[in-house]
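Results of the structural survey
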Amino acid sequence: MIKIFKLKSIISIKDFERKDIDYILDEASKLEDIAKSKECCDELKGKILGLMFFEPSTRTRLSFETSMKRLGGNCIGIESTRSCSVSKGESIADTAKMFEGYSDALVIRHELEGVSKFISDIVDVPVINAGDGAGQHPTQTLLDLYTIKKEIGQIDNLKIALVGDLKFGRTVHSLSNALGLYDNVELYFVAPKELKMPQEVLHDLNKKNIPYTEVDSIEEIIDKVDVLYVTRIQKERFGDLDEYLKIKGAYIVNKKMLEGKDVIVMHPLPRIDEIATDLDNTKHNKYFNQAFNAVPVRMAILKTLIKNNPKWNHME
Amino acid sequence: MIKIFKLKSIISIKDFERKDIDYILDEASKLEDIAKSKECCDELKGKILGLMFFEPSTRTRLSFETSMKRLGGNCIGIESTRSCSVSKGESIADTAKMFEGYSDALVIRHELEGVSKFISDIVDVPVINAGDGAGQHPTQTLLDLYTIKKEIGQIDNLKIALVGDLKFGRTVHSLSNALGLYDNVELYFVAPKELKMPQEVLHDLNKKNIPYTEVDSIEEIIDKVDVLYVTRIQKERFGDLDEYLKIKGAYIVNKKMLEGKDVIVMHPLPRIDEIATDLDNTKHNKYFNQAFNAVPVRMAILKTLIKNNPKWNHME
Amino acid sequence: MIKIFKLKSIISIKDFERKDIDYILDEASKLEDIAKSKECCDELKGKILGLMFFEPSTRTRLSFETSMKRLGGNCIGIESTRSCSVSKGESIADTAKMFEGYSDALVIRHELEGVSKFISDIVDVPVINAGDGAGQHPTQTLLDLYTIKKEIGQIDNLKIALVGDLKFGRTVHSLSNALGLYDNVELYFVAPKELKMPQEVLHDLNKKNIPYTEVDSIEEIIDKVDVLYVTRIQKERFGDLDEYLKIKGAYIVNKKMLEGKDVIVMHPLPRIDEIATDLDNTKHNKYFNQAFNAVPVRMAILKTLIKNNPKWNHME
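Everything numeric here is computed off the predicted structure, so don't read it as measured data.

Considerations on the overall build of chain A
- In terms of regular secondary structure, chain A is built from 12 helices and nine strands.
- Against the 2.2 N^0.38 benchmark of 20 Å for 316 residues, chain A shows a C-alpha radius of gyration of 20 Å, consistent with a compact globule.
- C-alpha extents for chain A along the principal axes are approximately 55 × 45 × 40 Å.
- By the burial criterion, 62% of the 316 residues in chain A qualify as buried.
- Counted over contacts in chain A with a minimum sequence separation of 6, partners at least 24 positions apart contribute 72%.
- For chain A, the exposed area adds up to about 12000 Å²; of that, 48% sits on carbon and sulfur atoms.
- For chain A, the separation between the mean place of its 45 positive charges and that of its 49 negative charges on side chains is 3 Å.

Some details on helix α9 (residues 241-248) of chain A
Residue and element names in this part refer to chain A.
- Among all positions of α9, only Glu243, Tyr244 and Ile247 are buried. Each buried residue of α9 lies within a common arc of 100° when the element is viewed along its axis, so the set occupies one face. Exposed side chains of α9 directed beyond 90 degrees from the buried face belong to Asp242, Leu245 and Lys246.

A few points about the interface of chain B and chain A
- If you look at the interface, chain B gives 28 residues, while chain A gives 26 residues.
- Here chain B packs against chain A, burying approximately 2400 Å² in sum over the two surfaces, 52% of which is carbon and sulfur.
- Among the residues chain B hides against chain A, the three largest losses belong to Lys88(B), Asp94(B) and Tyr102(B). Together they make up 26% of the total.
- Put simply, chain B and chain A have four salt bridges between them.
- Close ionic contact of Arg271(A) with Asp94(B) constitutes a salt bridge, the shortest N to O distance being 2.6 Å.
- Applying the counting rule to chain B against chain A returns 11 residue pairs in polar contact (both at pLDDT 80 or more).

Quick word on the sheet that holds strand β5 (residues 159-163) of chain A
Residues and elements named next belong to chain A.
- Taking strand neighbours across the sheet as the criterion, the five strands line up as β7-β6-β5-β8-β9 in an open arrangement whose pairing is parallel. Only two strands of the sheet have a single partner each, and these edge strands are β7 (212-215) and β9 (264-266). Taken pair by pair, the neighbouring strands of this sheet meet at an average axis angle of 20°, ignoring direction.
- Pairing analysis gives five bridges linking β5 to strand β6 (residues 186-190), with the strands arranged parallel. Bridging across to β6, Leu162 finds its partner in Phe189.
- Helix α7 (residues 170-179) contacts β5, β6 and β8 (227-230) of the sheet and is inclined by roughly 160° relative to β5.

With respect to the pairing of strand β3 (residues 105-110) of chain A
All names here are of chain A.
- With six of six residues buried, β3 is to be regarded as a mostly interior element.
- Residues Ala105, Val107 and Arg109 line one face of β3 and the alternating positions Leu106, Ile108 and His110 line the opposite face, and both faces are buried.
- One ladder, built from five bridges, connects strand β1 (residues 48-53) with β3; its direction is parallel. For Met52, the partnering residue across the bridge sits in β3 and is Ile108.
- When β3 meets strand β4 (residues 127-132), the two strands line up parallel, connected through four bridges.

Re the relation of the copies chain B and chain A
- The transformation that overlays chain B on chain A combines an axial shift of 0.0 Å with a rotation of 120°, and the residual RMSD is 0.0 Å. In symmetry terms, the pair is related by a three-fold rotation axis. The C-alpha atom lying nearest the rotation axis in chain B is that of Asn74(B); the distance is 5.0 Å.
- Of the residues that chain B buries at the interface, just 7% are likewise interface residues in chain A, meaning the two copies contact each other through different surfaces.

Points about unusual backbone geometry
Residue and element names in this part refer to chain A.
- Cis peptide bonds are those with omega within 30 degrees of zero, and the linkage from Leu269 to Pro270 qualifies with 0°.
- One can find Pro270 in the loop between β9 and α11 (287-308).
- Its identity is not glycine, yet Asn209 carries a phi of approximately 60°, on the positive side.
- In this structure, Asn209 sits in the loop between α8 (199-207) and β7.
- Using a relative accessible area of 68% as the deciding quantity, one classes Asn209 as exposed.

Details of the packing of aromatic side chains
- Applying the stated criterion across every chain, the model contains 15 aromatic pairs over all chains.
- Between Phe5(B) and Phe16(B), the ring centres sit 6.0 Å apart and the planes meet at 55°, which makes this aromatic pair tilted. You can see Phe5(B) sitting in the segment before α1 (18-30) and its partner Phe16(B) sitting in the segment before α1, a full 11 residues away along the chain. No difference in accessibility class separates Phe5(B) from Phe16(B), as the two residues are buried.
- Every member of this aromatic cluster is reached through a ring pair, and the members are Phe5(A), Phe16(A) and Tyr23(A).

Quick word on the packing of α1(B) against helix α11 (residues 287-308) of chain B
Residue and element names in this part refer to chain B.
- Packing of α1 against α11 leaves a shortest axis separation of 8 Å and a crossing angle of 110°. Comparing their axes, α11 and α1 come out roughly perpendicular. The chirality of how α1 crosses α11 is right-handed. Contacts from Tyr23, Ile24, Glu27 and Ala28 in α1 reach Pro296, Val297, Ala300, Ile301, Lys303 and Thr304 in α11.

Overview of the relation of the copies chain C and chain B
- Rotating chain C by 120° and moving it 0.0 Å along the rotation axis overlays it on chain B with an RMSD of 0.0 Å.
- When the interface residues of chain C are mapped onto chain B, a mere 7% of them again fall at the interface, so the copies present different faces.

Concerning the state of the cysteines
All names here are of chain A.
- In total, this model carries zero disulfides over all chains according to the counting rule given.
- This cysteine, Cys40, is not joined by any disulfide, and Cys41 carries the nearest cysteine sulfur, 7.7 Å off.
- Relative accessible area serves as the criterion here: at 38%, Cys40 is assigned to the partly exposed category.

Some details on the domain arrangement of chain A
Residue and element names in this part refer to chain A.
- Domain boundaries assigned for chain A yield domain 1 (13-136 + 293-313) and domain 2 (139-291).
- Contact residues are listed per partner, giving 29 residues for domain 1 and 27 residues for domain 2.
- Across the interface of domain 1 and domain 2, roughly 2300 Å² is buried in total on both sides, 54% from carbon and sulfur atoms.
- When the buried area of domain 1 at its contact with domain 2 is split by residue, Arg18, Leu25 and Asn293 rank highest and sum to 30% of it.
- Counting every contact that joins domain 1 to domain 2 gives four salt bridges.

Points about the pattern of salt bridges
All names here are of chain C.
- Throughout the structure, instances matching the rule amount to 88 salt bridges over all chains.
- Notably, a salt bridge pairs Glu55 with Arg109, separated by 3.6 Å at the nearest N-O pair. Placement of the pair is Glu55 in the loop between β1 (48-53) and α3 (58-70) and Arg109 in strand β3 (residues 105-110), with a sequence separation of 54 residues.
- Residue classification places Arg109 among the buried residues on the basis of a relative accessible area of 7%.

Considering the interface of chain C and chain B
- Across the boundary between the two partners, chain C contributes 28 residues, which contact 26 residues of chain B.
- For the pair chain C and chain B, the summed buried area comes to about 2400 Å², and 52% of that belongs to carbon and sulfur atoms.
- Taken as a group, Lys88(C), Asp94(C) and Tyr102(C) account for 26% of the area that chain C buries against chain B, more than any other trio of residues on that side.
- For the interface between chain C and chain B, the tally reads four salt bridges.
- At the junction of chain C with chain B, the criterion picks out 10 residue pairs in polar contact (both at pLDDT 80 or more).
- Secondary structure elements with two or more residues in the side of chain C that touches chain B: β2 (74-78), α4 (92-102) and α12 (310-313) of chain C.
- Considered class by class, the residues forming the side of chain C that touches chain B number 10 nonpolar, nine polar and nine charged.

Thresholds applied
- Residues numbered from 1 in each chain as written.
- Chains lettered and ligands numbered in written order.
- Predicted model: local features only at pLDDT ≥ 70, side-chain atom pairs only at ≥ 80, totals over all residues.
- Heavy atoms only, no water.
- Helix = DSSP H or I, 4+ residues; strand = E, 2+ residues; numbered from the N terminus.
- Rg over C-alpha atoms; globule rule 2.2 N^0.38 Å.
- Buried < 20%, exposed > 50% of the residue type's maximum accessible area, 1.4 Å probe, protein only.
- Contact = heavy atoms within 4.5 Å.
- Areas by Shrake-Rupley, 256 points an atom, 1.4 Å probe, with all protein chains shown as cover.
- Lys, Arg positive; Asp, Glu negative; His and termini not counted.
- Charge placed at Lys NZ, Arg CZ, Asp CG, Glu CD.
- Arc of directions from axis to C-beta.
- Buried area = accessible area lost by both parts, 1.4 Å probe.
- Salt bridge = Lys/Arg side-chain N within 4 Å of Asp/Glu carboxyl O.
- Polar contact = N/O pair within 3.5 Å; in protein donor to acceptor, adjacent residues only side chain to side chain.
- Pairing = 2+ DSSP bridges.
- Axes fitted to C-alpha atoms, helices over the stretch in contact; angles between N-to-C directions.
- Least-squares fit on C-alpha atoms with pLDDT ≥ 70 in both.
- Phe/Tyr/Trp six-rings, centres within 6.5 Å; stacked < 30°, edge-to-face > 60°.
- Parallel < 35°, antiparallel > 145°, perpendicular 65-115°, else oblique.
- Left-handed = near helix turned anticlockwise from the far one by under 90°.
- Disulfide = S-S within 2.5 Å.
- Domains from an automatic or database assignment.
- Nonpolar A, V, L, I, M, F, W, Y, C, P; charged D, E, K, R; others polar.

This is the structure:
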């Protein structure tokens, strides 16, 4: 078996070259019928995915579980620190070694940046970062890219606006990093001044010559873009509630705003009110499809990592 | 495939005609050997059941899980509101759309009446109401009917007493509705005056000409009935603890009371002390069988709904 | 099928003869490749393991889950009393009868000694004690013995030191009981005076003529032993914190202490600091292997009990 995809673990989208991303998106596309339960699959029969969720996350956890089970495998796991030996004083390293003995791959969610990388260095099985603090959430980025490609047919040559909390939102950081790998992409960052895209991300884009524009309302860019990627603004981020209430409206998308336009709307979910529900039944709504796309994309990741792992190849 | 059973979802026992109930009971009967693990089954291989338990319920949740797994399928889910995005402010509609993307059918438990109906209207997959507030719990009713039929051989022509909290107990409401579909059934309602059967239920029975009698102790009817369906009286229902203690004894069933009689005792469980444990080793005890019967009946429901769903038929 | 292994349930290691232990260890050895996911297995396809964890335990629960799933079966369960009907006042007996209806074998964890035995007496399916209070944890003992045999090649003729909290630690009690079945074993008990091995255990060893020596520091015995079985000393056991801090150091194992010696170090895990992490990358470290060994040993137990159960043989 030729290993086209070389990563043993998925820690950061920055570890990906464009061909690695394309490989996963192609695999995901081939797995759609299984993801939709139109076909049955035994690919990962007998394999176990270890879910190490030190911090709860329903959407990410459930989509990894469905992905593993659609491929014929099964899962074990913890849903929070409370429910594991870490609460008795065990080190994360020891907890990870235990999980390694019981699993063929690990999914890690932790509130601290770097935990997934740390674990991937001490275990032999593949590790998938499912969100570490303000750091990375690379599989979310892969499913975001998959959604754009599936809905528009390409990622090159697009104008994409990222909206909302660009300072703390890890999905928009990873997505910006990844879009920098594509040709002729133009980015628009729509955020209040308190929540602007961090300098490191802008610096990376400058290095790659990716053009970007920072604005502070959706109106300013709505006529120019192909994709509107919306994220939530948490009022806790504002010291002053009045300030929050004043700016909030500029970051809410609704049906009227998009009338006659050819733009797709995405959101990593859960949403609160930053996308009006009157958009749900329009052609702009791609956020529910995006949620479903977690399944084929995570299936592609699980299949690729587990089958590439030398432990598994032993079987053949 | 001819769709004899027409319901897409199971929301209320009131949506059932007698032939729909009979269809599920027949299917359940055919699945008994698989439910008892005497035979193996791949019928729902690759399929995922989404368990949306906004309110905890061990017995219902575990029996749905076993039913799905005995059929070769698998499950994902949440066990309480606490463990899902609803706690972050996500709407139930959005949570349901997420689950729809990851599952082939949904089981809903919620403290508010109407939530299952609401969700069944916005998703394409089958929805099963597993208890919504004081509303319906239709799969419990189906397994109650299955137990009566399996133990006595028929449901027509029986005299059935419902005992305990008839005011708030949703199982006794649904069961009364369903028994109204059978021929020559006589009902006895045994409850303290504070917890009598609601007028709406009596009204329905009047319309269908089902004879019923309201009494306030088990003694009054114990010589007449074929089935004693016991439910728990919660002392919280009484403003006055003395009142509760005074009447409590009249609603406890024990071995002595049933000596020489040919009556079966049922209970949706869990019981506290309303059935004395000295009944456990008598022929009257059908409540443990009834608990097991949840498996073949829920298997029949899952198999029927998932295989009838157009999404699935696509596969063939 | 000849039933070489006669136990219906696994409640206490004291119920085992040496040939019963040897049978399980042999079976475990044959299942290693499946445990390591190098081979796939359908042995327990369609079977359900009921996990009744009235008290949380990540390591034990996850290893039972992986074991069942590697054998092609599946699991249902509760993770604490909080999440089950017992919190509504249901008796443990009723909860067990419910689980019996949904499962092919039960694993019980409870804070009270004797609960597993009680349940095994009222259900027809096999019951496995996964730790009951200060009582037994027999499957831990079996995996401890398996680890010794796999690493050293034999159990007979060894010198084994048990270190730490010998008074309250159920793993060291069960292990002492079991080692008494082997030939020419010498035991060393290393504990502070507050946490010495209970008289009952010593009494049993005397009856079987197993030589043992009680000491109060690792240094005294480190040159003599083949196995160092370390357990945690909880500071809560000491009324006086000064006393705890004074003695603590004598029960910590590190790399320097073992230099040039041919001793393996084991630990039931989780560890806090009683084994220094500088031992992790030495040949002495067998505690991570021991953690993995939970899988083949529990697979052997599940396979043997479920296939021996008359309920299952019915299938053939």
